[in-house]
Amino acid sequence: MDITDITSGYSFMALKADGTVAFGYDAATKENGFMNLVTAVRGEKHAVGLRQDDTLVAVGDNSYGQCDVSVENGFYNVKAIAAGPYNTVALREDGTVVETGTKFMGKFYPTIDYGFEDIVAISTGYYCTVGLKKDGTVVSVGYNRYGECNTSAKNGFTDIIAIAAGYSHTVGLKKDGTVVAVGSNMYGECNTTAANGFTDIVAIAAGNGYTVGLKADGTVVAVGNNTSGQCNTTAANGFTDIVDIAVGLQDTIGRKRDGSVVFATNKYYWNWPYGTEVVNVKTPFQIIFTSVSQNDVKISAYVRVNNESNYDEEISGTLFVGLYDSSINKLVALQSCPVSLADGQSYVESFEFSKPDGQNKYYIKAYILENTTTLKPLGKSLRYNLYSHYSN
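Model, not experiment: these values are computed from the prediction.

**Regarding the overall build of the protein**
Phase 1: Looking only at helices and strands, one finds 1 helix and 28 strands in the protein.
Phase 2: Residue burial in the protein is summarised as follows: out of 392 residues, 56% are buried.
Phase 3: A fraction of 49% describes how many contacts in the protein between residues 6 or more apart in sequence connect residues 24 or more apart.
Phase 4: Here the protein has roughly 16,100 Å² of accessible surface; of this, 44% comes from carbon and sulfur atoms.

**Considering the sheet that holds strand 18 (residues 220–224)**
Phase 1: A sheet is described by the order of its strands in space; here 3 strands give the open sequence 16-17-18, paired in antiparallel fashion. Strand pairing shows two members of the sheet lacking a second neighbour, strand 16 (201–206) and strand 18, which therefore form its edges. The average angle at which neighbouring strand axes cross in this sheet is 20°, direction not considered.

**Points about the sheet that holds strand 14 (residues 169–174)**
Neighbouring strands of a sheet are bound in pairs by backbone hydrogen bonds; such pairs are parallel or else antiparallel.
Phase 1: With respect to topology, 3 strands assemble into an open sheet ordered 13-14-15, the strand pairing being antiparallel. Every other strand in the sheet has two partners, leaving strand 13 (160–165) and strand 15 (179–183) as the edge strands with one partner each. Along the sheet, successive strands turn relative to each other by an average axial angle of 20°, direction set aside.
Phase 2: With 5 bridges connecting them, strand 14 and strand 15 associate as antiparallel partners. Bridge pairing in strand 15 places Gly-172 opposite Val-180.

Rules of the game
Residues numbered from 1 in each chain as written. Predicted model: local features only at pLDDT ≥ 70, side-chain atom pairs only at ≥ 80, totals over all residues. Heavy atoms only, no water. Helix = DSSP H or I, 4+ residues; strand = E, 2+ residues; numbered from the N terminus. Buried < 20%, exposed > 50% of the residue type's maximum accessible area, 1.4 Å probe, protein only. Contact = heavy atoms within 4.5 Å. Areas by Shrake-Rupley, 256 points an atom, 1.4 Å probe, with all protein chains shown as cover. Pairing = 2+ DSSP bridges. Axes fitted to C-alpha atoms, helices over the stretch in contact; angles between N-to-C directions.

Here you go:
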């Protein structure tokens with residue numbers, strides 16, 4: 001599956017060549033209007049797509065009005081979109097900006113009164129919305145709790161060609177390939193210096209306490225919070241020949257020239273299993289649920305793995321089985337075991353989870369990875385909806 005576009009947001013999203021969503025938000029389906037897309041972005045619990053006719057489609061939580069992206073609400077002639085946790089922002093053809101929803105503790109919207117005219121690019125984070133103007137300057141509105149809206153010429157925001165709003169910092173890419181940043185620097189996310197490799201940069205992305213830069217040679221540099229491995233964007237981890245980058249809250253994705261993708265993240269971060277379904281590699285393992293049962297106390301699953309590589313060689317990987325809460329689309333338990341099989345061999349392993357309290361809908365997902373840093377899959381992931389077969 002070739003990926004043609006990846007975008008940053010509360011979590012990243014990816015598009016296929018046919019204008020549909022490859023991964024990033026389960027409900028962003030054709031049935032929900034996500035087709036003929038130019039791009040798509042994701043908030044915490046909502047996703048938005050820009051269609052080829054310049055209209056928008058949205059799905060998910062609308063508690064703050066973040067999905068109210070109708071023409072009647074000003075979302076027409078749209079050429080670019082961005083999403084924060086609870087807000088959606090759109091850039092119109094005339095260089096003005098419209099926003100719906102709310103920024104966390106944000107007080108202002110990106111109107112002409114706040115300088116949002118002649119805008120050519122937009123980005124939105126947890127606390128602010130940022131606009132890049134034709135003249136290479138940057139305007140911002142929001143809470144400015146950490147100085148993330150201080151995107152003035154005095155702070156180096158001149159000759160800017162790209163912008164990225166993170167959780168609590170804002171980043172600008174200058175014409176000369178250097179990068180400026182303002183806002184929180186708790187993790188060193190604003191240390192976008194030449195000493196840290198931020199030279200010859202052609203694209204930028206900003207996440208939760210970290211900043212990522214794509215260099216002209218196709219390599220990737222990153223600074224800041226690395227608690228989930230999101231800054232491990234080295235050549236050894238597959239970040240070579242990269243043509244596009246994007247970030248989520250705590251993970252980094254790179255799109256390679258051949259249409260495949262690589263990830264930098266910790267295996268316990270809930271979003272990364274999406275990658276097992278889209279990386280452009282062969283998958284020699286077959287995964288089967290041979291038995292799944294549950295009672296008031298526990299959930300039990302037997303998972304069978306078959307080696308169908310036809311390479312007459314032994315293949316090794318790690319089998320992960322996770323329990324997900326579908327109401328929040330989040331991993332609540334994870335177990336794993338090593339798998340090493342010769343061609344034609346099979347292996348069965350049992351997994352047992354304590355049943356969570358409450359009446360939420362849960363499902364089990366199984367997947368095999370060769371390497372939890374590059375996230376190269378060795379088998380297509382398999383999902384078993386407990387709520388489809390058993391009552392909670």
